[in-house]
Amino acid sequence: LFADPAQREAYFARAMQEGVLEARLLALEARAERTPVEQQLLMEGWARLSNFERAAAPADLLTAAYPGDGALAQRVLSLHRSLNGLESSHAAQAHALVARTAPALENPSQLWTELGEMEEERGRPQTASRLWQNLIAREPRNPQKIAELATLLWDYNHDQEALTVVEEGRKRLDRPRF
């Protein structure tokens, strides 16, 4: 079930059709210890039942078990970002997720971008800008990363910061027309 999305989909479809998914999830939650497969089932099962608050805890445990899984981290970060609109405690979980996952990924830009966007939504633009600086932290001379950061800052009305990123990028790259 864990590795095969088609089998997992069939499992959930059958459980939904039979009306037993919630009971199965409650039985899994009652266990003292759970495997990553069971955490995956809980995360996806509660999400299918639109009980996203209950999906968050197993999702966090799953990402902790697999910190190098960028696609999983992105899904869980999106979950926390959505829930953060209802309850601000999800911001800390989102930050912990990105801090734990980003070092294990070749390109964690999407995680930093979304985390910064969440901070913008929370009314914390300085925190968002600081987080977005991670987009160029690994490759400060990469023109695509510089442009990506400048565009993001511009899109969120950090115009002066965007211009500063472009100017500093021009100097680092020795490309006055960048």
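Source: prediction; values computed, not measured.

Some details on the nonpolar core
Piece 1. Core analysis: the largest hydrophobic core is formed by 44 residues, its most contacted members being Leu77, Val98, Trp112, Leu115, Trp132 and Leu149.
Piece 2. Non-local contacts of Leu115, meaning those with residues more than four positions away in its chain, are made with Leu77, Ala94, His95, Val98 and Leu131.

A look at the packing of helix α1 (residues 5-18) against helix α3 (residues 36-48)
Piece 1. At their nearest, the axes of α1 and α3 sit 11 Å apart, and the two run at 50 degrees to each other. Classified by the interaxial angle, the pair formed by α1 and α3 is oblique. Where α1 crosses over α3, the two elements pack in a sense that is right-handed. The residues of α3 that touch α1, namely those facing Arg8, Glu9, Tyr11, Phe12 and Met16, are Gln40, Leu41, Glu44, Gly45 and Arg48.
Piece 2. Residue classes in the contact of α1 with α3 are distributed as four nonpolar, two polar and four charged.

Focus on the environment of Glu38
Piece 1. On the secondary structure map, Glu38 appears in helix α3.
Piece 2. The class for Glu38 is buried, based on a relative accessible area of 13%.
Piece 3. Separated by 45 residues in sequence, Glu38 and Leu83 have C-alpha atoms that sit 22 Å apart.
Piece 4. Setting aside residues no more than four positions away along its own chain, Glu38 makes contact with Leu28, Arg31 and Glu33.
Piece 5. One polar contact links the side chain of Glu38 to the main-chain amide nitrogen of Thr35, over a distance of 2.8 Å.

Conventions adopted
Sequence order as written defines the numbering, with residues in each chain counted from 1. Confidence filtering applies because this is a predicted model: local features only for residues at pLDDT of at least 70, side-chain atom pairs given and counted only at 80 or more, and all residues used for totals across whole chains, interfaces and linings. Side-chain metrics rest on all non-hydrogen atoms present in the structure, leaving aside hydrogens and water. As used here, the term nonpolar core means buried Ala, Val, Leu, Ile, Met, Phe, Trp, Tyr and Cys residues forming a set that is joined through side-chain atoms within 4.5 Å. Relative accessible area decides the class of each residue, using a 1.4 Å probe on protein chains only: under 20% of the type maximum gives buried, over 50% gives exposed, and in between gives partly exposed. Should any heavy atoms of two residues lie within 4.5 Å, those residues are considered in contact. Between N-to-C directions, angles cover 0 to 180 degrees, with each direction set by a line fitted to C-alpha atoms, over the stretch in contact for helices. Per the convention used, a helix needs a DSSP run of H or I reaching at least four residues, while a strand needs a run of E reaching at least two, with both numbered from the N terminus. Should an angle fall under 35 degrees it is called roughly parallel, over 145 degrees roughly antiparallel, and 65 to 115 degrees roughly perpendicular, with every other angle called oblique. For a crossing to be left-handed, the near helix must be turned anticlockwise from the far one by less than a right angle; the clockwise case is right-handed. Each residue gets one of three labels, nonpolar for Ala, Val, Leu, Ile, Met, Phe, Trp, Tyr, Cys and Pro, charged for Asp, Glu, Lys and Arg, and polar for the others, Gly among them. Think of a polar contact as two N or O atoms within 3.5 Å of one another; within protein, one of them needs to be a possible hydrogen donor and the other a possible acceptor, and neighboring residues in sequence only count if both atoms come from side chains.

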